[in-house]
Amino acid sequence: MQFFDSHCHLDDEKFNEDREEVIKRNLQENNCKFVTIGYSLESSQKAIKLAKKYDLYATVGISPNDIPQNEEELLKELEEIKQIVETERENKYLVAIGEIGLDYYWNKENKELQKLAFIKQIELANEFDLPITIHCRDAINDTLEILKKNKVNNMGIFHCCPHNRELVKEALKLDFYISFAGPVTFKNAKNANEFISIVPNDKMLIETDSPYLSPEPERGKRNEPRKVKYIAEKVAEVKKMTLEEVAKQTFENAKRVYKIVDK
Ligand code: NI
């Protein structure tokens with residue numbers, strides 16, 4: 001059985017001590033595939049390096065929590081992200097632009113700048129025929145408005161399943177994929193079963209968001225891609241599927257959305 005972790009951050013400093021060991025263990029012993037997600041200029045550069053070195057997949061992008069504090073700096077960094085995409089566009093390791101989006105939970109003061117970064121990166125994804133991966137926290141209306149006004153040409157993923165019924169429904173209407181993360185396994189997860197049931201099988205993904213959000217029964221520890229299995233177990237339970245079926249379906253979905261062609 002093989003699992004596909006659609007979203008993790010292997011460049012994170014929490015892996016500084018043993019990154020190579022973690023990557024090799026997850027690739028070889030646990031037979032996982034995973035996408036290491038960029039969230040800033042620096043992390044995007046690192047993600048691409050890791051993907052090349054270890055034969056992983058990577059994304060590049062600037063998250064709403066990592067944008068510079070003025071427009072001039074932002075445009076400069078976006079230009080550098082674009083240069084990475086131009087250089088790597090033929091490279092099978094680069095599979096999406098992200099994570100991008102809006103976060104009014106952590107940052108309320110720079111909403112206009114966040115929107116600008118989001119729209120510019122949707123345009124970048126369209127220009128290079130790439131999908132996007134979206135981070136949305138406490139910014140539902142503005143996120144949906146931007147996605148409706150700025151058509152995404154190559155699909156996208158709402159990462160870490162947003163626990164809001166309307167957002168999930170609207171995201172599905174716009175043909176986006178929904179990715180379930182550790183919180184669906186938490187004992188206090190609100191409506192996790194409902195969200196899992198309303199996402200059609202061909203639109204669901206599973207992710208760890210490692211090193212954060214470690215699922216039950218390893219909650220509170222450092223997360224890593226192999227633990228995506230626990231999220232698959234939860235999905236299997238709710239959807240009354242076998243673990244193998246969930247692994248296979250989410251693997252196929254990840255390959256479809258990220259346009260991964262077998263080597
Ligand atoms: Ni993330």
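Residues numbered from 1 in each chain as written. Predicted model: local features only at pLDDT ≥ 70, side-chain atom pairs only at ≥ 80, totals over all residues. Heavy atoms only, no water.

## Regarding the packing of aromatic side chains
For any pair of aromatic rings, the description rests on two quantities: the centre-to-centre distance and the angle between the ring planes.
Piece 1. Under the defined criterion, the tally for this structure stands at five aromatic pairs.
Piece 2. Look at F4 and Y57: their rings are 6.3 Å apart centre to centre, the planes differ by 15°, and that puts the pair in the stacked class. Placement of the pair is F4 in strand β1 (residues 4-8) and Y57 in strand β3 (residues 57-60), with a sequence separation of 53 residues.
Piece 3. On the basis of relative accessible area, F4 is assigned to the buried category, the value being 1%.
Piece 4. Assessed through its relative accessible area of 7%, Y57 is described here as buried.
Piece 5. Note on F158 and F176: the rings are 5.6 Å apart at their centroids and 80° apart in plane angle, and the pair reads as edge-to-face. Remark: F176 occurs in the loop between α6 (165-173) and β7 (177-180) and F158 occurs in strand β6 (residues 156-158); sequence separation between them is 18 residues. One exposure class covers both F158 and F176, and it is buried.
Piece 6. What links up through ring pairs into an aromatic cluster is the set F4, Y57, F251 and Y258.
Piece 7. Sitting above the plane of the Y177 ring, K203 keeps its charged end 4.3 Å from the centroid. (Phe/Tyr/Trp six-rings, centres within 6.5 Å; stacked < 30°, edge-to-face > 60°. Helix = DSSP H or I, 4+ residues; strand = E, 2+ residues; numbered from the N terminus. Buried < 20%, exposed > 50% of the residue type's maximum accessible area, 1.4 Å probe, protein only. Lys NZ or Arg CZ within 6 Å of the ring centre and 35° of its normal.)

## Description of the nonpolar core
Piece 1. Ranked by internal contacts, the top residues of the largest apolar core, which has 71 residues, are V85, I97, I132, L147, F158, I178 and F180.
Piece 2. Ignoring sequence-local partners within four residues, the contact set of F158 consists of I134, C136, T143, L147, L167, A171, F176, Y177, I178 and S179.
Piece 3. Among the nonpolar cores identified, the runner-up in size contains 14 residues, and V35, I157, L205 and V257 belong to it. (Core = buried A, V, L, I, M, F, W, Y, C linked by side-chain atoms within 4.5 Å. Contact = heavy atoms within 4.5 Å.)

## What to know about the sheet that holds strand β4 (residues 94-103)
Piece 1. Read from one edge to the other, the open sheet built from eight strands follows the order β1-β2-β3-β4-β5-β6-β7-β8, with strand pairing classed as parallel. Single-partner strands in this sheet number two, and they are β1 and β8 (204-206). For this sheet the average axis-to-axis angle between neighbouring strands, irrespective of direction, equals 30°.
Piece 2. Bridging between β4 and strand β5 (residues 132-137) involves five bridges; their strand directions are parallel. Within the sheet, the bridge partner assigned to I100 lies in β5 and is I134. (Pairing = 2+ DSSP bridges. Axes fitted to C-alpha atoms, helices over the stretch in contact; angles between N-to-C directions.)

## Observations concerning helix α1 (residues 19-29)
Piece 1. Those residues of α1 that sit buried are R19, V22, I23 and N26. The buried residues of α1 occupy an angular sector of 95° when projected down its axis, which confines them to one face. Facing away from the buried surface of α1 by more than 90 degrees, the exposed residues are E21, Q28 and E29.
Piece 2. As for α1, its buried residues are in contact with β2 (33-36) and α2 (41-54).
Piece 3. Positive phi shows up at N31, right after α1, with a value of about 50°. (Arc of directions from axis to C-beta.)

## Some thoughts on the coordination of the nickel ion
Piece 1. Coordination sphere of the nickel ion, protein contribution only: H7 (NE2), H9 (NE2), E99 (OE) and D209 (OD), at 2.2 to 2.4 Å.
Piece 2. Coordination at the nickel ion is irregular: its four donor atoms span angles of 83 to 170° at the metal.
Piece 3. Expressed as a motif, the donor residue spacing for the nickel ion is H-x1-H-x89-E-x109-D. Residues H7 and H9 agree in their burial class; the two are buried. (Donors = N, O, S within 2.8 Å, 3.2 Å for Na, K, Ca; no water. Tetrahedral: all angles 85-135°; square planar, octahedral: opposite > 155°, others 65-115°.)

## Digging into the pattern of salt bridges
Close approach of charged atoms lets side chains of opposite charge pair.
Piece 1. All told, the structure shown has 22 salt bridges when counted by the stated rule.
Piece 2. With a closest N to O distance of 3.2 Å, E170 and K148 form a salt bridge. Taken together, the positions of E170 in helix α6 and K148 in helix α5 (residues 140-149) put the pair 22 residues apart, joining distant regions of the chain.
Piece 3. One network of salt bridges, with partners in common, ties together E21, R25, E218, E224, R226 and K227. (Salt bridge = Lys/Arg side-chain N within 4 Å of Asp/Glu carboxyl O.)

## Let's talk about the pairing of β2
Piece 1. With three bridges connecting them, β1 and β2 associate as parallel partners. Its bridge partner being in β2, C8 is matched across the sheet by T36.
Piece 2. Viewed along the sheet, the connection from β1 through α1 into β2 turns out right-handed.
Piece 3. Here β2 runs beside β3; their pairing, made up of two bridges, is parallel. Paired with T36 across the strands is A58, a residue of β3. (Right-handed = clockwise from strand over helix to strand, strands pointing away.)

Bear in mind that shape data such as this cannot, by itself, settle questions of function.
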